[in-house]
Amino acid sequence: MPTISRNHSSGGESYHGKPLRGRSLDSVDTVEEAVKLINEVKQIHSYAGFEIRNFCSNSAAVLGSIGEPGAPAEVSLNLENNLGTECVLGLVWRPTEDVFTFDLSYMKEEIKKLIADSAAPTKRQVLRTVMSLFDPLGLISHFVVHGKILMQQIWRCGTDWDEPIAGELLPKWRYWCLYMQRLGEVTVPRCFFKGMNSYALEDVEAHLFVDASEAACAAVLYLRCIQNSVPKCALIAGKTKVAPLKPISVPRLELQAAMIGTRMMDSVLRSLDIHVSRRYLWSDYSTVLCWLRSDSRRYYQFVAVRVGEILTLTSADEWHYVPSKINIADAATKWKEGPSFDPNDSWFTAPEFLRKSRDEWPMEPAQNGSETETELRSVFLYHGTVPQLLLDFNRFSNWLRLVRTAAYVLRAVRRFRGEKFLRPKVLTKEELLEAENMIWRQVQNEAYPDEYAILQRSLTQVSNPVSIPKSSPLYRLSAFVDEFCVVRMNSRLSAEQTLSYGLRHPILLPRLHPAVHLLAEYYHRRYLHGNAETICNEMRQKFFIPGLRILIRQVSKQCLTCRIKKSVPQPPMMAPLPQARTQTMVRPFTHTGVDYFGPIMVKQGRSLKVA
């Protein structure tokens, strides 16, 4: 597969005083296609006065056909290097060997000296050195990522930009620089499958490996095909990312690595002309595989969103388990003995099991299911007791009718239970008191369900009492439950035995309950629609109701008798004055009126008559 590199020269035009030059790359399958492409490019540019020269190719036949000298030993792939940009560590193409490598000569002298020197660099110099590496395909990302991790550690220590690094960071920097000086040993074949036509490739597989640690995430992509019954693999691209400064769990980092790898694979495969028939995505973290094979909506948003994106670009059946020992992406996330630059290393040639038959590939352990509780979204289950409502208080408009109805209901309940005892037709005092206690219990259970349950448990758990929470309105009222399971309040008069039990321990009732409103109406009518203080004093002999005066005023405003009694007649509006009395700018006595009272004698002829 001949590869062509060509320079463009405009002859006399310049940019910032330098000749305009550019370099472009292209690949074709045959020598004839390469020669035809070169001649067409030269002819088209000649029409505009451009002379295209200095072609470079890995094929001597191509260069001989177009009359170019032999290919140079190395060609820098930093295409912007001739436009006046800074020199960086160049990704170099050796046409004679048709491989990619790295050349330290493309570094600035300052960076070369910094790498070779044993003095402690500053934070600024470390960043400049790490960012000077030019590796667009991620061929050496398993080495570059450790320089980024070192930079993150320097940042975490709070070192200033011009302050030399110290402590345990300096040995790590020197160790990393030793490997950086060996980058020239790296050689990666430019052609994925040498000697094979790209259009004739069949049954090509893409294999993506992902891994993560507490320091970084990594993904590396390979292509695999069968040539003469022999599997062949090629390194395509690598991608790494340093873990964030804020701590994040390893399962989330593993999922992040899977998402980074999925994005990279989708971008790379869309840019290739090679048709990939199958895709295999490998991860050594079974939790991530469980997330991808289950309903993502059951997990927290962090997991659900990333799983959704991964499954948009891939399918769950394409993900497979690989042990950590043979997961090649592990070389980028863990330093171990340092990265290997040997061209025969698994990083550049793919894991060994890919060069074997599918029967020898790793199998997923049987215990790896499709469910995991990691990052599972919490489901809150409320368990409570729903009180049985014997009476609907909203159906009653009179307190006495409510009490009598409750008494009859309790009498009917006893009969249904089969209790045999004589009961008079008229309700007794005991039955009415029992009905009132039942009403108090139901009102308190509706208004204070949690507090009522806590106070009831306190009767049985004497050794381990449960207190009412501070947020409860009953917290400061010293509430307790009496023998009839009615919530009452301890007062400062509890030691005075001459007072009634209800005065010493009043019943706690809410103000906004409909039954309490009926009770206030009953006291209002019982004390002949008296003033609010009288009714308030009488009700406090037995009950404690927060905001009782407000309730009494509401009852008084709704009472028809009180509204009629307190109504004031409205005097009629006076009629407007006549115009003669309000006229201005007229003489006095212009309008005069005389008021007479009594009979008027009128003379008619010779006699007087009363008009």
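See the structure printed just above.
What counts as what
- Residues numbered from 1 in each chain as written.
- Predicted model: local features only at pLDDT ≥ 70, side-chain atom pairs only at ≥ 80, totals over all residues.
- Heavy atoms only, no water.
- Phe/Tyr/Trp six-rings, centres within 6.5 Å; stacked < 30°, edge-to-face > 60°.
- Helix = DSSP H or I, 4+ residues; strand = E, 2+ residues; numbered from the N terminus.
- Buried < 20%, exposed > 50% of the residue type's maximum accessible area, 1.4 Å probe, protein only.
- Pairing = 2+ DSSP bridges.
- Salt bridge = Lys/Arg side-chain N within 4 Å of Asp/Glu carboxyl O.

Scanning the entire structure with this criterion turns up 22 aromatic pairs. Each ring, one from Tyr179 and one from Trp335, has its centre 5.8 Å from the other, and the planes form 85 degrees; the classification is edge-to-face. Of this pair, Tyr179 sits in helix 6 (residues 169-180) while Trp335 sits in the loop between helix 10 (330-333) and helix 11 (346-349), and the two are 156 residues apart along the sequence. Where Trp399 meets Trp440, the ring centres are 5.3 Å apart and the plane angle is 20 degrees; that geometry is what we call stacked. Residue Trp399 is found in helix 12 (residues 399-416), and its partner Trp440 is found in helix 13 (residues 429-447); the two are separated by 41 residues along the sequence.

Attention shifts here to the pairing of strand 8 (residues 204-212). Within strand 8, 9 of the 9 residues are buried, leaving the element largely enclosed by the surrounding structure. Burial along strand 8 is two-sided: the face carrying Val204, Ala206, Leu208, Val210 and Ala212 and the face carrying Glu205, His207, Phe209 and Asp211 are both buried. Between the antiparallel neighbours strand 8 and strand 9 (residues 216-227) lie 3 residues.

Within strand 9, 11 of the 12 residues are buried, leaving the element largely enclosed by the surrounding structure. Taken together, the 8 bridges between strand 8 and strand 9 define a ladder with antiparallel strand orientation. Residue pairing for strand 9: Asp211 is matched across the bridge by Ala218. Joining the antiparallel neighbours strand 9 and strand 10 (residues 230-242) is a turn of 2 residues, in which Asn228 adopts a positive phi near 55 degrees.

What follows concerns the pattern of salt bridges. Summed over the entire model, instances satisfying the criterion amount to 22 salt bridges. One salt bridge in this structure joins Arg278 and Glu205, with 2.8 Å as the shortest N-O distance. Separated by 73 residues along the polypeptide, Arg278 in strand 11 (residues 276-283) and Glu205 in strand 8 bring together distant segments of the chain. Overall, the relative accessible area of 1% leaves Glu205 in the buried class.

The subject of this paragraph is unusual backbone geometry. One non-glycine residue, Glu375, adopts positive backbone phi at about 60 degrees. Mapped onto the fold, Glu375 is located in the loop between helix 11 and helix 12. The residue Met585 is not glycine, and still its phi comes out positive at about 60 degrees. With respect to the secondary-structure elements, Met585 resides in the loop between helix 20 (579-582) and strand 17 (601-604). Given a relative accessible area of 83%, Met585 falls into the exposed group.

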